[in-house]
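# Examination of the molecular architecture
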Amino acid sequence: MVKYTKDLGSAHSGLSDWYLQRVSAVILALLLPWVFVLLWTVALDSLSQQALFALLDSLAVRIAHTLLILALTIHAYIGLKVMIEDYVHRGIRVLLMGMVMVGMGLFAIWWLSLIWAWGG
Amino acid sequence: MTIQLNIYRFNPENDSKPYMQHYEVAMSKKGMKLLDALNDIKWNLDGTLTFRRSCGEGVCGSDGMNINGVNGLACITPVEGLKQPIQLRPLPSMNVIRDLVVDTTHFFDQYRQIKPWLQAYTPTPEHERLQSPEERAELDGAYECIMCGCCTTSCPSWWWNGDRFMGPAVLLQADRWLKDSRDEAAGERLDQLEDAFKLYRCHQIMNCMEACPKELNPTKAINHIKRMLLNRQS
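### Some points on unusual backbone geometry
The bulk of non-glycine residues show a negative phi, and the bulk of peptide bonds are trans. Residues and elements named next belong to chain B. Pro85 follows Gln84 through a cis peptide bond whose omega is -5°. Inspection of the secondary structure puts Pro85 in the loop between strand 4 (70–73) and strand 5 (86–89). You will see that Asp99, though not glycine, has its phi angle at about 45°, which is positive. Along the polypeptide, Asp99 turns up in the loop between strand 6 (96–98) and strand 7 (101–102). Of the residues examined, Asp99 has 22 C-beta atoms within 10 Å and is grouped as buried. Despite not being glycine, Met206 has its phi angle at roughly 65°, a positive value. Tracing the backbone through its elements, the reader meets Met206 in the loop between helix 6 (186–193) and helix 7 (207–211). A residue is classified by how many C-beta atoms lie within 10 Å of it, and Met206, with 17 of them, is partly exposed.

### Things to note about the pairing of strand 1 (residues 2–9) of chain B
Each regular strand displays side chains that alternate between the two surfaces of the sheet. All names here are of chain B. With eight bridges connecting them, strand 1 and strand 2 (residues 19–26) associate as antiparallel partners. Note that in strand 2 the partner of Tyr8 across the bridge is Met20. Here strand 1 pairs with strand 5 via three bridges, running parallel. Residue pairing in the sheet places Ile7 in a bridge with Leu88 of strand 5.

### Some words on helix 1 (residues 15–43) of chain A
Residues and elements named next belong to chain A. Across its 29 residues, helix 1 extends 42 Å between first and last C-alpha, which sits within 8% of the 42 Å expected from 1.5 Å per residue. The largest bend along helix 1 reaches roughly 35° and is located at Ala29, with the proline Pro33 sitting one to four residues downstream. After helix 1 finishes, the residue Asp45 shows a positive phi value of roughly 65°.

### Brief notes about the domain arrangement of chain B
How big an interface is tends to be reported as the loss of accessible area on association of its parts. Residues and elements named next belong to chain B. Split by domain assignment, chain B resolves into domain 1 (2–102) and domain 2 (105–233). One C-alpha centre belongs to domain 1, the other to domain 2, and the line joining them spans 29 Å. Counting from both sides, the interface comprises 14 residues of domain 1 and, opposite them, 12 residues of domain 2. Sort the elements by how many residues they give to the side of domain 1 that touches domain 2 and strand 4 lands first, with four residues. Grouping the amino acids of the side of domain 1 that touches domain 2 by side-chain chemistry returns eight nonpolar, six polar and no charged.

### So, the interface of chain B and chain A
Of the residues lining the interface, 20 residues belong to chain B; the matching set on chain A comes to 16 residues. Considering only residue class, the side of chain B that touches chain A consists of seven nonpolar, seven polar and six charged.

### As for the packing of helix 5 (residues 168–179) of chain B against helix 6 of chain B
Residue and element names in this part refer to chain B. Viewed as axis vectors pointing N to C, helix 5 and helix 6 meet at an angle of 155°, and their least axial separation amounts to 9 Å. Considered as vectors, helix 5 and helix 6 are oriented roughly antiparallel to each other. Of the two elements, helix 5 crosses helix 6, and the hand of that crossing is left-handed. Here Ala174, Trp177 and Leu178 of helix 5 lie close against helix 6, whose contacting residues are Ala186, Arg189 and Leu193. The residue inventory of the contact of helix 5 with helix 6, partitioned by class, reads five nonpolar, no polar and one charged.

### Points about the nonpolar core
Within the largest apolar cluster, 53 residues are counted, with the highest numbers of intra-cluster contacts made by Leu171, Ala174 and Ile225 of chain B. Those elements that provide at least two residues to this core are strand 1, helix 1 (34–45), helix 2 (105–113), helix 5, helix 7 and helix 8 (218–233) of chain B. Sorting elements by how many residues they give to this core places helix 5 of chain B first, with seven residues. The residues that make up this core include at least three from each of domain 1 (2–102) and domain 2 (105–233) of chain B. Among all residues touching Ala174 of chain B, those that are not within four sequence positions of it are Ile114, Arg189, Leu193 and Ile225 of chain B. Within the second largest apolar cluster, six residues are counted, among which are Ala71, Leu72, Ile74 and Ile78 of chain A.

### Focus: the sheet that holds strand 1 of chain B
Residues and elements named next belong to chain B. Ordered in space as 2-1-5-3-4, the five strands form an open sheet in which the pairing is mixed. The sheet is open, and its two edges are formed by strand 2 and strand 4, each paired on a single side. Sheet twist, expressed as the average angle between the axes of neighbouring strands with direction ignored, equals 35°. Sheet analysis places strand 3 (residues 64–67) next to strand 4, joined by four bridges and oriented antiparallel. Bridge pairing links Met65 to Gly72 in strand 4. Against the sheet, helix 1 makes contact with strand 1, strand 2 and strand 3, and its axis sits at roughly 95° relative to strand 2, the strand it touches most.

### A short note on the confidence of the model for chain B
On average, residues of chain B score 96 in pLDDT, and 100% of them reach the 70 mark or higher. Here the prediction assigns the complex a pTM of 0.90, and the interface score ipTM is 0.82.

### A few points about helix 1 of chain B
All names here are of chain B. End to end, helix 1 covers 16 Å across 12 residues, agreeing with the expected 16 Å (1.5 Å per residue, within 8%). Every buried residue belonging to helix 1 is among Leu34, Leu35, Ala37, Leu38 and Ile41, and all of these are buried. In a view along the axis of helix 1, the buried residues occupy a sector of 160°, so they form one face of it. Structural note: helix 1 exposes Trp43 and Asn44 on the side pointing more than 90 degrees away from its buried face. Its buried side turned inward, helix 1 meets strand 1, strand 2 and strand 3.

What counts and what doesn't
- For every chain, the first residue of its written sequence is number 1, and the numbers climb from 1 along that sequence.
- Labels are handed out in written order, letters beginning with A for the chains and numbers beginning with 1 for the ligands.
- The model is predicted, so local features are restricted to residues of pLDDT at least 70 and side-chain atom pairs to those at 80 or more, both for listing and for counting; the totals for chains, interfaces and linings are taken over all residues.
- Helix numbering and strand numbering both begin at the N terminus, where a helix is a DSSP run of H or I of at least 4 residues and a strand a DSSP run of E of at least 2.
- Labels follow a simple rule on C-beta atoms placed from the backbone: if 20 or more others lie within 10 Å of a residue's own, it is buried; if 12 or fewer, it is exposed; otherwise it is partly exposed.
- Strand pairing is assigned whenever DSSP identifies at least 2 bridges connecting the two strands.
- Expected helix span is given by 1.5 Å per residue-to-residue step, counting one fewer step than there are residues.
- A residue's bend is given by the angle between axes fitted to the 7 residues ending at it and the 7 residues starting at it.
- The start and end points of each domain follow an automatic or database-based domain assignment.
- Contact between two residues is assigned when their C-beta atoms, built from the backbone, lie within 7 Å.
- Here the term charged refers only to Asp, Glu, Lys and Arg, the term nonpolar to Ala, Val, Leu, Ile, Met, Phe, Trp, Tyr, Cys and Pro, and the term polar to all other amino acids, Gly among them.
- With axes taken as lines fitted to C-alpha atoms, and helix axes fitted only over the stretch in contact, angles between N-to-C directions fall between 0 and 180 degrees.
- By the definition adopted for this analysis, an angle is roughly parallel if under 35 degrees, roughly antiparallel if over 145, roughly perpendicular if from 65 to 115, and oblique otherwise.
- In this scheme, a crossing is called left-handed if the near helix is turned counterclockwise away from the far one by less than a right angle; it is called right-handed if the turn is clockwise.
- Connectivity within a nonpolar core runs through C-beta atoms within 7 Å, and the core itself is a set of buried Ala, Val, Leu, Ile, Met, Phe, Trp, Tyr and Cys residues.
- Residue-level confidence of the predictor is summarised by pLDDT, bounded by 0 at the bottom and 100 at the top.
- Our arc is simply the arc of the directions from the helix axis toward the C-beta atoms.

Below, the structure written as structure tokens:
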């Protein structure tokens, strides 16, 4: 007798995660090195702390900073989600993914508030 | 010259646990294949050793097994070049029926889920549905698959989530039907595959390509399906 696995069909999910993971990776590859460059120049005293603050205050840098934090949060969330889907059993999988989502969301909101409330 | 083999033995009717059994057979001819050594054991030394084989030339896909830690077909693997004693185990992550024989029910059930047959809705032409040589060439790298299961059972994503992840062999076949110029069900096929578990569990570690005895590249096929889904959305 042939056994038939119950096929629940497709959840029509996964494509957006896969796509966002790649888009956010490109944004991170472009923007993340600048964080280290800036910290390094401050450490070497090529840039004073005051000058760094002034730089972070400019609109263009605030926008880039926002983009960086959004890409970082999305990328980290999807990465953790993929790992949870890979290795965690179904019972606590959804709960764990929800906790990660809330945690990453709070982190992003807190950081974005720092970016946009700075100096004003 | 003798060949040393350590072979996984398990008969659920008598054994409480699997064990490895040592065998020695003579290197009977140059270019001898691993299946020749197994046949020698089965016919001359120990008739209880159980394994699947049929065509003996890499076409039927029956004798997939784990050879020194790598999945492959015994019938086309030369004994020469294998580190001895040769460690032979059943394909990983499948239930063992006996010795090297595994239960492939779920594997072929997943194959059935992708409807591996031509689906066309336009009226049947008077003769056959024709394909140009170029359209036929699109199927190169996919039609050669013999469904031996070497790739799928070497995939960690299938080990962890095999109940839902289709695995490389089945996804290579899914892509084969998506690429077939005569098939008219591409939309439904993509609908059926767009799923975080069925398709996107593939993280491209390429164990499948390493294992494939026919030197096919299932990872490439899976990426092609992902690109088709992206193109459909954007």
